Amino acid sequence: MAPDGGGTEPERAATFRSCRSILTPREARCAAVWLASGPPERERAFLEGLDDHAITALPWLFEVWALPHQFPPAGDWRTWVVLGGRGAGKTRAGSEWVRRMVEGGTPEAPGAARRVALVGETLDQARDVMVFGESGIVACTPPDRRPRWHATRRRLEWPNGAQAQIFSARDAESLRGPQFDAAWADELAKWPRPEAAWDMLQFALRLGDDPRACVTTTPRNVAALKRLVHLPSTAVTHAPTEANRAHLAESFLQEVRARYGGTRLGRQELDGELLDEAEGALWSLATLEAASVAEAPELDRIVVAVDPPATGRTASDLCGIVVAGVKMEGPPRDWVGWVLEDLSLAGASPSAWAHRAVAAMDRWGADRLVAEVNQGGDMVKQVLDQFDPTLPYRAVHATRSKAMRAEPVAALYEQGRVKHLPGLGELEDQMCRMTLQGYEGQGSPDRLDALVWALTELMILPVRRMRDPGIRTLAR
């Protein structure tokens, strides 16, 4: 396995054994981190235990450099799903898994798999990312084991005869006919018709005693992916973008965290979380992604909206508290709203939530506090009066269902007229679970209720007043 292909076959075959014999199982899990975090004597002892061939091969031993989520899990699984944020090392994990499946003890020795399917969103992406990318199969393989690329056949061929062929998920029918004993599917959540392509791949994965597949993807709310990760035959590993920060630009990490940290999009694309979205939800992740901004301009009007709980016990519902503002340019139907902060809290006494709401008004320079009073009635005003009797306050009464009140606000988002600052991830979770039939999450959507009251006050009511002006009688 030396880069120049030198050494005898037994010497090269001993390379893996000589390196691995120095590491305990615990240390093999990212041994580079284990070595770097210890005293110099540990690193020196490790290197002195290796012969020249092992030291030459060390850069190609993924067991030494891999992060925990990049190792195939133990156990009897059929599909290994690697969920990760952008840049978390998913592609490298897939490439190294293919190597692990096809390579034997020597370049000519057979491995566990001989026919591999490489499925990307398109043929170009499969070739440019999975085969020839910086973390692709060719770049990860030492020269004496490196496969040859046959462009006309769209196929890799290893020195031991193993083959891997690329396929496009856009052409599911191309998987009808071939058969394989291993498969690597990259970015399944981006495939245009993931169910069709994945089903055809399963029918083709029928060679050998234990055919397996590896799926590397940034999670998205795709039914095929959600079904796959919940199968008992599926093993899942997971990592955020920052798990691989040693190989990422610090400026990139700072920028994306500043812009997307705490948002639903950030949880998906950076933290690698597979987020739920109710069928027929009034808000989608795509809508919220389009609404995401880094900062707000100077606003013309700001309100703090409160949806108080019926009680202040720890187990009671949240007290929804949302700060929002509006830019009043042109007629009210063209105004743009800005959701600035979600300050909702659980198990709070009336004094606690009132203190937080009033403090938010002072901090943001809010023009009005809006509070739903269906639960508390006069109590809400009495609690607020304890802090400031002159507080600009308006009580609102819910006469329609939560879904009916939310629908006009959702329409503002569809029109691109509402923006979100970072840090609203929990609020956005509730938004993606509200449907016309009701809320499909747990508990009550109190954060969402407060948002609806705020944007109704800022944007819905001014349009209604403009559309339905009052009639005045002029005295003669």
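Residues numbered from 1 in each chain as written. Predicted model: local features only at pLDDT ≥ 70, side-chain atom pairs only at ≥ 80, totals over all residues. Heavy atoms only, no water.

Draft legend 1. Summary view of the overall build of the chain. Within the chain, the secondary structure is distributed over 19 helices and 16 strands. Taking all 476 residues of the chain together, 51% fall into the buried category. Within the chain, counting contacts between residues at least 6 apart in sequence, those at least 24 apart form 71% of the total. With an accessible surface of roughly 22400 Å², the chain has 50% of that area assigned to carbon and sulfur atoms. (Helix = DSSP H or I, 4+ residues; strand = E, 2+ residues; numbered from the N terminus. Buried < 20%, exposed > 50% of the residue type's maximum accessible area, 1.4 Å probe, protein only. Contact = heavy atoms within 4.5 Å. Areas by Shrake-Rupley, 256 points an atom, 1.4 Å probe, with all protein chains shown as cover.)

Draft legend 2. A look at the side chain of T218. Tracing the chain through its elements places T218 in the loop between β7 (212–217) and α11 (223–229). Within the local environment of T218, its side chain forms a polar contact with the backbone oxygen of G84, the two atoms lying 3.5 Å apart. Apart from the residues within four sequence positions on either side, T218 is in contact with G84, G85, R86, K90, E187, A189, Q268 and E269. (Polar contact = N/O pair within 3.5 Å; in protein donor to acceptor, adjacent residues only side chain to side chain.)

Draft legend 3. Structural context of the packing of aromatic side chains. Applying the stated criterion to the full structure yields four aromatic pairs. For the pair F132 and W149, a centre-to-centre distance of 5.6 Å together with 85° between the ring planes defines the contact as edge-to-face. Of this pair, F132 sits in the loop between α8 (123–131) and α9 (137–140) while W149 sits in strand β3 (residues 148–150), and the two are 17 residues apart along the sequence. A residue is classified by how much of its surface remains accessible, and W149, at 23% relative accessible area, is partly exposed. Ring centres of W283 and Y413 lie 5.7 Å apart, and the angle between their planes is 90°; on these two criteria the pair is classed as edge-to-face. Within this pair, whereas W283 is found in the loop between α13 (264–269) and α14 (285–291), its partner Y413 is found in helix α17 (residues 402–414), the two being separated by 130 residues in sequence. Take W283 and Y413: they sit in the same class, and that class is buried. (Phe/Tyr/Trp six-rings, centres within 6.5 Å; stacked < 30°, edge-to-face > 60°.)

Draft legend 4. Examining helix α15 (residues 350–364) more closely. The first and last C-alpha atoms of α15 sit 21 Å apart over 15 residues, in line with the 21 Å expected at 1.5 Å per residue. By the burial criterion, the buried members of α15 are W353, A354, A357, V358, A360 and M361. Down the axis of α15, the buried set is contained in an arc of 150°. They therefore lie on one face. Two residues or fewer after α15 comes G365, characterised by a positive phi angle close to 65°. (Expected span 1.5 Å × (residues − 1). Arc of directions from axis to C-beta.)

Draft legend 5. Main features of the confidence of the model for the chain. Residues of the chain with pLDDT of at least 70 account for 87%, and the chain-wide mean is 84. In this model, residues 1–28 is a region of pLDDT below 50 whose contacts with residues beyond four sequence positions or in other chains number 55 contacts. (pLDDT = per-residue confidence, 0-100.)

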